[in-house]
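The residues making up each chain are set out below.
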Amino acid sequence: AQTVTQSQPEMSVQEAETVTLSCTYDTSESDYYLFWYKQPPSRQMILVIRQEAYKQQNATENRFSVNFQKAAKSFSLKISDSQLGDAAMYFCTTQGGSEKLVFGKGTKLTVNP
Amino acid sequence: NAGVTQTPKFQVLKTGQSMTLQCAQDMNHNSMYWYRQDPGMGLRLIYYSASEGTTDKGEVPNGYNVSRLNKREFSLRLESAAPSQTSVYFCASRRGGDHPDTQYFGPGTRLTVL
């Protein structure tokens, strides 16, 4: 079985500063991916970043980067130079070779001007 | 490409009524999914279809049925709606196969059952 735990129900950050969202997971899959999705008030689920578990290098997408610690089963998201548009719910997820995408309960990020 | 589309965007039902949520994707994906999102619960898988002609139960299938009409379309039916089914419903799709890959989501349907 796969599980995903996001221990921070809410986080806040000042505009232009950096924030890190935490995620731990457990999976019995040997081949799996990890994702961070963003859900703004519009409800649309938007892919932020993807990490293939077989890759040692941490994924980066512009201001978004991850710290992937495979042995510790940790997958944190760092947002640099935070912008007002980054305010949203952020979901950590994992998918293995099975069809199921397992979601954490989410972290609500507030960006203060 | 429209990606994943869902209809309707909003729906209000009375207890016991039935309805079908429609989902279509134009990315030639093999796998399609239905999730529900409740406050504080994240997204939970209701049903999925790994390929045309197949469907399987997810984590919370009770009270729902699905149909994979063709490769593009995957519908979710509530035969007798209950207030516990008040939720936001998301359809998603991915290329599919034995290896993991990215799921792409539709805009969601907000359903209220009175």
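Residues numbered from 1 in each chain as written. Chains lettered and ligands numbered in written order. Predicted model: local features only at pLDDT ≥ 70, side-chain atom pairs only at ≥ 80, totals over all residues. Heavy atoms only, no water.

K.L.:
Outline the packing of aromatic side chains, supporting the account with residue identities and numerical values.
P.N.:
Tallying each qualifying case throughout the model produces 15 aromatic pairs over all chains. Measuring from centroid to centroid gives 6.2 Å for Tyr33(B) and Tyr35(B), while their planes differ by 25°, and the two rings are stacked. Taken as a pair, Tyr33(B) and Tyr35(B) share a single burial class, namely buried. Among the aromatic residues, ring-to-ring pairing joins Tyr33(A), Phe35(A), Tyr37(A), Phe91(A), Phe103(A), Tyr33(B), Tyr35(B), Tyr48(B), Phe90(B) and Phe105(B) into one connected group. (Phe/Tyr/Trp six-rings, centres within 6.5 Å; stacked < 30°, edge-to-face > 60°. Buried < 20%, exposed > 50% of the residue type's maximum accessible area, 1.4 Å probe, protein only.)

K.L.:
Quick one: what's the story with the interface of chain B and chain A, residue by residue and with numbers?
P.N.:
Accessible area lost on assembly of the parts is the figure often given for the size of an interface. The partner chain A presents 22 residues to the 30 residues of chain B that form the contact. Three residues stand out in chain B for area buried against chain A, namely Pro100(B), Thr102(B) and Phe105(B), and they jointly supply 27% of the buried area on that side. Inspection of the region where chain B meets chain A yields zero salt bridges. Where chain B meets chain A, there are four residue pairs in polar contact (both at pLDDT 80 or more). At the level of elements, β4 (31-38), β5 (42-49), β9 (87-94) and β11 (109-113) of chain B are the ones that each hand at least two residues to the side of chain B that touches chain A. Looking at the side of chain B that touches chain A residue by residue, the class counts come to 13 nonpolar, 11 polar and six charged. (Contact = heavy atoms within 4.5 Å. Buried area = accessible area lost by both parts, 1.4 Å probe. Salt bridge = Lys/Arg side-chain N within 4 Å of Asp/Glu carboxyl O. Polar contact = N/O pair within 3.5 Å; in protein donor to acceptor, adjacent residues only side chain to side chain. Helix = DSSP H or I, 4+ residues; strand = E, 2+ residues; numbered from the N terminus. Nonpolar A, V, L, I, M, F, W, Y, C, P; charged D, E, K, R; others polar.)

K.L.:
Would you mind going over unusual backbone geometry in detail, with residue names and values included?
P.N.:
In this structure, the amide linkage connecting Thr7(B) to the following residue, Pro8(B), adopts the cis form with an omega of -5°. Tracing the backbone shows Pro8(B) in the loop between β1 (4-7) and β2 (10-13). A positive phi is found at Asn62(A), a non-glycine position, where the angle reads about 55°. In this fold, Asn62(A) is placed in the loop between β7 (60-61) and β8 (64-69). Notably, Asp81(A) is not glycine yet its phi reads approximately 50°, a positive angle. Position of Asp81(A) among the secondary structure elements: in the loop between β9 (74-79) and β10 (88-95).

K.L.:
A description of the environment of Ala88(A) should follow, citing residues and the corresponding values.
P.N.:
Residue and element names in this part refer to chain A. The residue alanine 88 is located in strand β10 in this model. For alanine 88 and threonine 107, which are 19 residues apart along the polypeptide, the C-alpha to C-alpha distance reads 8.3 Å. Alanine 88 has contacts with Lys38, Gln39, Pro40, Thr107, Lys108 and Leu109, leaving out every residue within four places of it along the chain.

K.L.:
Report on the pairing of β9(B), specifying residues and quantitative values.
P.N.:
All names here are of chain B. In terms of burial, β9 is largely enclosed, as eight of its eight residues are buried. Both faces of β9 are covered, namely the face carrying Ser87, Tyr89, Cys91 and Ser93 and the face carrying Val88, Phe90, Ala92 and Arg94. Relative to β9, β4 runs antiparallel, the two sharing seven bridges. When the bridges of β9 are listed, serine 31 appears paired with arginine 94. In the sheet, β9 pairs with β11 via three bridges, with the strands oriented antiparallel. Counted as the bridge partner of valine 88 is arginine 110 from β11. Two elements, β9 and strand β10 (residues 104-105), share two bridges in a ladder whose sense is antiparallel. (Pairing = 2+ DSSP bridges.)

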